[in-house]
Protein chains: 2
Amino acid sequence: MSVTAAKGFTAAGIAAGIKENGNPDLALVVNDGPRRAAAGVFTSNRVKAAPVLWSEQALKGGQVSAVVLNSGGANACTGPTGFQDTHATAEKAAEVLGRGAIEVAVCSTGLIGVLLPMDKLLPGIGTAAAQLSEHGGEKAAIAIKTTDTVHKTSVVSRDGWTVGGMAKGAGMLAPGLATMLVVLTTDADLGDETLDKALRAATRVTFDRVDSDGCMSTNDTVLLLASGASGVTPGYDDFAEAVRQVCDDLGQQLVRDAEGASKDIKVEVVNAASEEDAVEVGRSIARNNLLKCAIHGEDPNWGRVLSAIGTTRAVFEPDRLNVAINGVWVCENGSVGADRDLVDMRYREVHIVADLAAGTATATIWTNDLTADYVHENSAYSS
Amino acid sequence: MSVTAAKGFTAAGIAAGIKENGNPDLALVVNDGPRRAAAGVFTSNRVKAAPVLWSEQALKGGQVSAVVLNSGGANACTGPTGFQDTHATAEKAAEVLGRGAIEVAVCSTGLIGVLLPMDKLLPGIGTAAAQLSEHGGEKAAIAIKTTDTVHKTSVVSRDGWTVGGMAKGAGMLAPGLATMLVVLTTDADLGDETLDKALRAATRVTFDRVDSDGCMSTNDTVLLLASGASGVTPGYDDFAEAVRQVCDDLGQQLVRDAEGASKDIKVEVVNAASEEDAVEVGRSIARNNLLKCAIHGEDPNWGRVLSAIGTTRAVFEPDRLNVAINGVWVCENGSVGADRDLVDMRYREVHIVADLAAGTATATIWTNDLTADYVHENSAYSS
């Protein structure tokens, strides 16, 4: 399953010794064709890790033959040496696989500001290549874990073609670590421009709307590789929908595995004047530390929702705002609504609806509560 | 001291029964003239509490005779009834003091979305008026506390004139509560336009640069009242500097009393292309939850500083960024600098310098670490 659910792909995951604890830390995903079309989206952080800078270049040709992914080190903020290390990684994979280095994408995740142990990583590529298999998707997904408690995979199959993928990430940014990494594969027979269009459409409404702690990684990467091995060329809408489903599923898995979280919070903004407004408001609510603490305490503190809405530039009138928490409209017309004691917050999923009463656009942002465990996981004393 | 350090002012602080625990909760500050010039700055949150909406109107005339402040309830998101309650508060004070209601400013702090117990508040105004005193500044400062562990006052005296003040606020936004409230008084003989200019110049570089948890209150208010009772008209620069000093002192007291904090973090951005860039970068660093957790764990995690800088629109080149933590340049040219083990983080104050290498502008933002205690204080289960 995972990245090898689609025909034309092999993968492997091994322990190369990059992580000191001996856990799996190196994954290889190879596209055996006949096509090698690819698309990618990358972090919008202006401080980009070396593998992001490299892979952005690799994607420009619209072709990717293989992806090397490592956990145990982000290779971010590592200067020219870090970039040379990424380059050497791609060269090594190209040599072992008999492909061009510029068709090898590289993804790294782990601590920022630390050089990778290349004496472990480079030999590991050879070892991984020797284990490439049509059943290697699961092992690859395991090898990219950092603070993830579970590995994440998803597959959607249609009439003769498949989209599958793997993801790592515990929230958006892990402790001392970085990165959400996602590799999607398909055996649909499609070119890189179609892949790019479908991937951007999908990530815009899935991964881009998962916001665990408001912190943007230096390494975030989502790749989509097509082998064409099914011989089927699906219609764009069908294909885009399948990609969106896989992204949505993987995004949900990221939310459910967020560091220290005890609640998954679905922030749904409705009746906004525009989708941009809905996203801005949803993000502002999702990033409000006070609200996230209140939700952790199972306190339906709608005042903090209004306070968060009030910091945005969205179109709204304060005295027309409505807020529901788990189905109870606790705020009506900007003021006290139904009795907050009616709100049942015992379950892990919490649903907040913010009604801007300003139009018809909607957007949903997923986030988590803020907990003492999050603080512990992200403070050095916990490691 | 406090708001009664300057001549021409009386104040009182009493327990009116607004807080269920019987602690002081109502303060009155009265300007006995001869002048009653005033200026104010208010929250930029678009969801404004009733007392903010009222006081903004009151300030338009440039005259304030008295300020009524209550803790125990923010009177925010309380609809038309909440606004009527603020209006009734001003009317009552005006009646008791023999002034016009439109010259009475009102400030409230406490839970959002709850109506004030007017049957307690209105009689309390009469009680407080009967206790007005030139020595009442301390009691007034105590009566506006919410989760503050200490009351906050500051005084600067110059040749024959004085600027004094009081503040409440534990960080920028208190648990389930809201609001930073500040009342400054001076006996300098100055008009409202000069007060306004000096106050805006001071708050811009003091309170506006204290950012405990990134959450913006619905009630933030800073008032400056001038009695002219000293008969001295200081030069603008001298006066503005005195106001800035008092605001800076009170702002520092807010930082040191922030909820659950174990570290006070000074984020100094240097060599920015513009002051706007410096402020944007400083704020982005100060709001990064991952960094705030790392500082709590005494981990000089400079990668999280770079990651925060990378999310801004400021002018910089990633490979020219430098970061010092407590005097050690742990990041040089966007990469690994001095040994992070050299950083001593045992003390409460932490000093981060972010060098953008893009110009000559600077700005300093003050924030706190993110702790399990912050989560506890802001979750309902802690109350």
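These numbers come from a predicted model, not from an experiment.

**Details of the relation of the copies chain A and chain B**
For the pair chain A and chain B, the relating rotation is 180 degrees, the translation along its axis is 0.0 Å, and the fit reaches an RMSD of 0.0 Å. Taken together, these values place the two copies in the relation of a two-fold axis. Measuring from the rotation axis to each C-alpha of chain A, the shortest distance belongs to Ala-372 of chain A, at 2.2 Å. Of the interface residues in chain A, 100% have counterparts in chain B that sit at the interface too, so the contact is made through matching surfaces.

**Describing the domain arrangement of chain A**
All names here are of chain A. Split by domain assignment, chain A resolves into domain 1 (2-256) and domain 2 (264-382). Put simply, the middle of domain 1 and the middle of domain 2, counted by C-alpha atoms, are 32 Å apart. The interface is formed by 14 residues belonging to domain 1 together with 17 residues belonging to domain 2. Buried surface at the junction of domain 1 and domain 2, both sides included, amounts to about 1300 Å², of which 37% is carbon and sulfur.

**Points about unusual backbone geometry**
All names here are of chain A. At the junction of Gly-33 and Pro-34, the peptide bond is cis and its omega measures out at 20 degrees in the coordinates. Mapped onto the elements of the fold, Pro-34 is located in the loop between β2 (26-31) and β3 (37-42). A positive phi is found at Asn-75, a non-glycine position, where the angle reads about 50 degrees. Structurally, the position occupied by Asn-75 is in the loop between β4 (66-70) and α2 (79-97). Of note, the phi angle at Glu-298 is positive, near 60 degrees, even though the residue is not glycine.

**With respect to the interface of chain A and chain B**
At the junction of the two partners, chain A supplies 53 residues and chain B supplies 53 residues. Between chain A and chain B, a total of about 3900 Å² is buried, with carbon and sulfur atoms accounting for 61% of that surface. When the buried area of chain A at its contact with chain B is split by residue, Arg-46, Asn-289 and Leu-290 of chain A rank highest and sum to 17% of it. Linking chain A with chain B are 0 salt bridges. Between chain A and chain B we count 20 residue pairs in polar contact (both at pLDDT 80 or more) in total. Broken down by secondary-structure element, the contributors of at least two residues to the side of chain A that touches chain B are α8 (289-296), α9 (302-309), β13 (335-336) and α10 (372-378) of chain A.

**A word on the pairing of strand β7 (residues 162-168) of chain A**
All names here are of chain A. Of all 7 residues that make up β7, 7 are buried, and the element is covered over most of its length. Neither face of β7 is open: one carries Thr-162, Gly-164, Met-166 and Lys-168, the other Val-163, Gly-165 and Ala-167, and all of them are buried. Here strand β6 (residues 152-157) pairs with β7 via 6 bridges, running antiparallel. In the strand pairing of β7, Val-155 is matched with Gly-164.

**Re the pairing of strand β10 (residues 264-272) of chain B**
Residue and element names in this part refer to chain B. When β10 meets strand β14 (residues 349-355), the two strands line up parallel, connected through 7 bridges. When the bridges of β14 are listed, Ile-265 appears paired with Val-350. The sheet contact formed by β10 and strand β15 (residues 361-368) spans 7 bridges and is antiparallel. Its bridge partner lying in β15, Ile-265 is registered against Thr-367.

**A short note on the packing of helix α1 (residues 50-60) of chain B against helix α2 (residues 79-97) of chain B**
Residues and elements named next belong to chain B. Relative to each other, α1 and α2 sit at 50 degrees, their axes nearing to 8 Å. Taken together, the axes of α1 and α2 lie oblique to each other. Regarding α1 and α2, the two cross each other, and that crossing is right-handed. Of α2, the residues touching α1 (which contributes Ala-50, Pro-51, Leu-53 and Trp-54) are Gly-82, Phe-83, Thr-86, His-87 and Ala-90. The class makeup of the residues in the contact of α1 with α2 is 6 nonpolar, 3 polar and no charged.

**Re the UniProt feature "binding site: substrate" (unreviewed entry) in chain A**
Residues and elements named next belong to chain A. What UniProt calls "binding site: substrate" (unreviewed entry) maps, in this numbering, to Thr-146, Lys-168, Thr-179, Glu-259, Asn-378 and Ser-383. Among the residues examined, Glu-259 registers a relative accessible area of 5% and is labelled buried. Turning to its location among the elements, Asn-378 is positioned in helix α10. Among the polar contacts made by the side chain of Asn-378, one reaches the main-chain carbonyl oxygen of Tyr-374 at a distance of 3.0 Å.

**Description of the sheet that holds strand β8 (residues 181-186) of chain A**
All names here are of chain A. Ordered by their spatial adjacency, 5 strands build an open sheet running β3-β9-β8-β7-β6, and the pairing between neighbours is mixed. Each of the sheet's edge strands pairs with one partner strand only, and the pair in question is β3 and β6. Between one strand axis and the next, the sheet turns by 10 degrees as a mean value, whatever way the strands run. Taken together, the 6 bridges between β3 and strand β9 (residues 221-226) define a ladder with antiparallel strand orientation. By the bridge assignment for β9, Ala-37 is matched with Ala-226. Running over the sheet, helix α5 (residues 192-205) touches β3, β8 and β9 and is turned about 30 degrees from β3. The sheet strands contacting helix α6 (residues 236-256) are β6, β7, β8 and β9, and the helix crosses β6 at an angle near 155 degrees.

**Things to note about the pattern of salt bridges**
All names here are of chain A. A full pass over the atoms with the stated rule returns 32 salt bridges over all chains. In this structure, the salt-bridge partner of Arg-346 is Asp-344, at a minimum N-O distance of 2.7 Å. Of the residues examined, Arg-346 reaches a relative accessible area of 59% and is grouped as exposed. Note on Asp-344: relative accessible area 32%, which makes it partly exposed.

**Notes on helix α8 (residues 289-296) of chain B**
Counting buried positions along α8 of chain B gives 8 out of 8 residues, so the element sits mostly inside the fold. Inspection of α8 of chain B places Asn-289, Leu-290, Leu-291, Lys-292, Cys-293, Ala-294, Ile-295 and His-296 of chain B among the buried residues, and these make up the whole buried set.

**Examining the packing of aromatic side chains**
For the structure on display, the rule yields 4 aromatic pairs over all chains. Considering the side-chain rings of Trp-161 of chain B and Phe-239 of chain B, the 5.9 Å spacing of their centres and the 50 degrees angle between planes classify their relative orientation as tilted. With a gap of 78 residues between them, Trp-161 of chain B in the loop between β6 (152-157) and β7 (162-168) and Phe-239 of chain B in helix α6 (residues 236-256) connect regions that are remote in the sequence. Relative accessible area serves as the criterion here: at 0%, Phe-239 of chain B is assigned to the buried category. Its guanidinium or amino end placed over the ring of Tyr-236 of chain A, Lys-197 of chain A lies 4.4 Å from that ring's centre, counting from NZ or CZ.

Here is what the cut-offs are and how they apply
Residues numbered from 1 in each chain as written. Chains lettered and ligands numbered in written order. Predicted model: local features only at pLDDT ≥ 70, side-chain atom pairs only at ≥ 80, totals over all residues. Heavy atoms only, no water. Least-squares fit on C-alpha atoms with pLDDT ≥ 70 in both. Contact = heavy atoms within 4.5 Å. Domains from an automatic or database assignment. Buried area = accessible area lost by both parts, 1.4 Å probe. Helix = DSSP H or I, 4+ residues; strand = E, 2+ residues; numbered from the N terminus. Salt bridge = Lys/Arg side-chain N within 4 Å of Asp/Glu carboxyl O. Polar contact = N/O pair within 3.5 Å; in protein donor to acceptor, adjacent residues only side chain to side chain. Buried < 20%, exposed > 50% of the residue type's maximum accessible area, 1.4 Å probe, protein only. Pairing = 2+ DSSP bridges. Axes fitted to C-alpha atoms, helices over the stretch in contact; angles between N-to-C directions. Parallel < 35°, antiparallel > 145°, perpendicular 65-115°, else oblique. Left-handed = near helix turned anticlockwise from the far one by under 90°. Nonpolar A, V, L, I, M, F, W, Y, C, P; charged D, E, K, R; others polar. UniProt positions renumbered as here; feature names shortened; annotations may be inferred. Phe/Tyr/Trp six-rings, centres within 6.5 Å; stacked < 30°, edge-to-face > 60°. Lys NZ or Arg CZ within 6 Å of the ring centre and 35° of its normal.

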